[in-house]
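# Summary of the model geometry
Chain residues, written in single-letter form:
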Amino acid sequence: MDQLTSMSAYVKVVEKQSFTNAAQALNTTPSKISKQITWLEEHLGAKLLQRTTRRISLTEIGSIYYEQCTQILKGIENSENIIKFAQREVQGTLKVNAPLSFGITHLSKAVAEFSNKYPKVNIELYLSDDHNDIIKQGFDLGIRVTYSFADSSLVVRELSKGFQVRPCASPQYLRTNGTPLHPKELTHHNCLIYTNQKNDLHHWYFKGPEGEENIKVNGTIRTNNILFLREAVLRGVGIAMMGSYTYLEDCKRGDLRLLFDDYEPLQPKIYGIYSSREYLPLKISTFLTFLKEWFAGNLDL
């Protein structure tokens, strides 16, 4: 039998001085209350109550046990109230892992706005282009920009349909090496590879007027950091597939040019990943909702 339930029944019997009244208060039956008290006495090996047809009285040990039970039950109630209160107010420390370049260009702005809105949340943001194990490394939440997920042990929540990914090159590179007019011509160009992705690194996929194109590419630089890749492209080293959050301002200034207007590459999405759907802390659910709304209005496509 559940000891805490039996303790609650015992305390209620003492307070109400009646099995019937205690049963009514606990929405159960007098016989069940009686069984709980009997089990408790047998479990403890001590007589707690003196029962007659007219009244109930505490034994000496029963009085001591009553005081202990009230303290224990009150402590449990206080603990539950603390948890419930914490779940009503967005507060605590939130440990987040996210990609380096995306974290700098976009997530930093979102986190700043979130922090202003929820000042009782302390955010620890770890930016890395490695695929960190969020559970093993103690993160509450991971932000991922990717095409797909292989790890089914995590809960994955889509935060945005993503942003445009396009092949980019500098005017300098195009003047020196010519401008490819069709994705198939990429096989003759220096294509710089971003390695921090789960799809095939050496194949760029396009969808265009003739259908799908699967182009094998290669080049002189491979890196897991998109900002490093951007710098190489700006300096005329080659062509790279980059997200709009990386190339947008460069294109506005004329420092980079987008290729193949009629061909659309695969587009990654933005996801939030965390360990479990059950009892999701309010700080995490609030942050995820905030990001989804923020990306919808502020993500450059």
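Please refer to the structure placed before this passage.
The rules behind the values
- Counting from 1, residues in each chain are numbered in the order their sequence is written.
- Since the coordinates come from a predicted model, pLDDT governs what is reported: local features require at least 70, and pairs of side-chain atoms require 80 or more to be given and counted, while whole-chain, interface and lining totals use all residues.
- Side-chain metrics rest on all non-hydrogen atoms present in the structure, leaving aside hydrogens and water.
- Note that a disulfide, as used here, is simply two cysteine sulfur atoms within 2.5 Å.
- Exposure categories follow from relative accessible area, calculated using a 1.4 Å probe and restricted to protein chains: below 20% of the type maximum is buried, above 50% is exposed, and the middle band is partly exposed.
- Strands are runs of DSSP state E lasting at least 2 residues, helices are runs of H or I lasting at least 4, and numbering of each runs from the N terminus.
- Working rule for contacts: check all heavy atoms of both residues, and any pair within 4.5 Å makes them a contact.
- Residues belong to a common nonpolar core when they are buried Ala, Val, Leu, Ile, Met, Phe, Trp, Tyr or Cys residues joined through side-chain atoms within 4.5 Å.
- Patch membership requires more than 30% relative accessible area and the absence of a salt bridge. Residues of like charge join within 9 Å; the nonpolar side chains Val, Leu, Ile, Met, Phe, Trp and Tyr join within 5 Å.
- To measure how exposed things are, a 1.4 Å probe is used in the Shrake-Rupley method; for residues, cover is taken only from the protein chains shown.
- Within this document, salt bridges are pairs made up of a side-chain nitrogen of Lys or Arg and a carboxyl oxygen of Asp or Glu, the two lying within 4 Å of each other.
- Pairing between two strands requires that DSSP report at least two bridges joining them.

### Points about the state of the cysteines
One pass over the full model with this rule turns up zero disulfides. Cys-168 provides the cysteine sulfur closest to Cys-191, a residue in no disulfide bond, and the two sulfurs are 12 Å apart. Since its relative accessible area comes to 0%, Cys-191 is described here as buried.

### Brief notes about the environment of Val-11
In this structure, Val-11 sits in helix α1 (residues 3-16). When sequence neighbours within four positions are dropped, the list of residues in contact with Val-11 reads Tyr-66, Cys-69, Thr-70 and Leu-73.

### With respect to the nonpolar core
Residues Ile-143, Leu-186, Trp-204, Phe-206, Phe-287, Leu-291 and Phe-295 are the most contacted members of the largest nonpolar core, which totals 55 residues. Looking at this core, the element that brings in the most residues is helix α9 (residues 282-298), giving seven residues. Beyond its immediate stretch of four places on either side in the chain, Leu-186 contacts Pro-180, Cys-191, Trp-204, Phe-206, Ile-215, Val-217, Ile-239 and Phe-260. One finds Met-7, Ala-22, Ala-23 and Leu-48 within the second-largest nonpolar core, a separate group that totals 19 residues.

### So, a nonpolar patch on the surface
Taken together, the side chains of Leu-4, Ile-72 and Ile-76 present a nonpolar region at the surface, about 220 Å² in accessible area. Structurally, Ile-76 can be placed in helix α4 (residues 60-88).

### Here's the deal with the pattern of salt bridges
The final tally for this structure, using the stated rule, is 10 salt bridges. The closest approach of N and O atoms between Lys-269 and Glu-158, which form a salt bridge, is 3.4 Å. Within this pair, whereas Lys-269 is found in strand β15 (residues 269-274), its partner Glu-158 is found in strand β6 (residues 155-160), the two being separated by 111 residues in sequence. Using a relative accessible area of 27% as the deciding quantity, one classes Lys-269 as partly exposed. A salt bridge links Glu-231 to Arg-235; the nearest nitrogen and oxygen atoms lie 3.0 Å apart. Residue Glu-231 is classed as partly exposed on the basis of its relative accessible area, which comes to 33%.

### With respect to the pairing of strand β9 (residues 203-208)
Of the two faces of β9, only one is covered, namely that formed by Trp-204, Phe-206 and Gly-208; the face formed by His-203, Tyr-205 and Lys-207 stays uncovered. Of the pairings in the sheet, the one linking β9 to strand β10 (residues 211-216) comprises six bridges and is antiparallel in character. Bridge pairing in β10 links Tyr-205 to Asn-214. The hairpin turn running from β9 into β10, its antiparallel successor, is two residues long.

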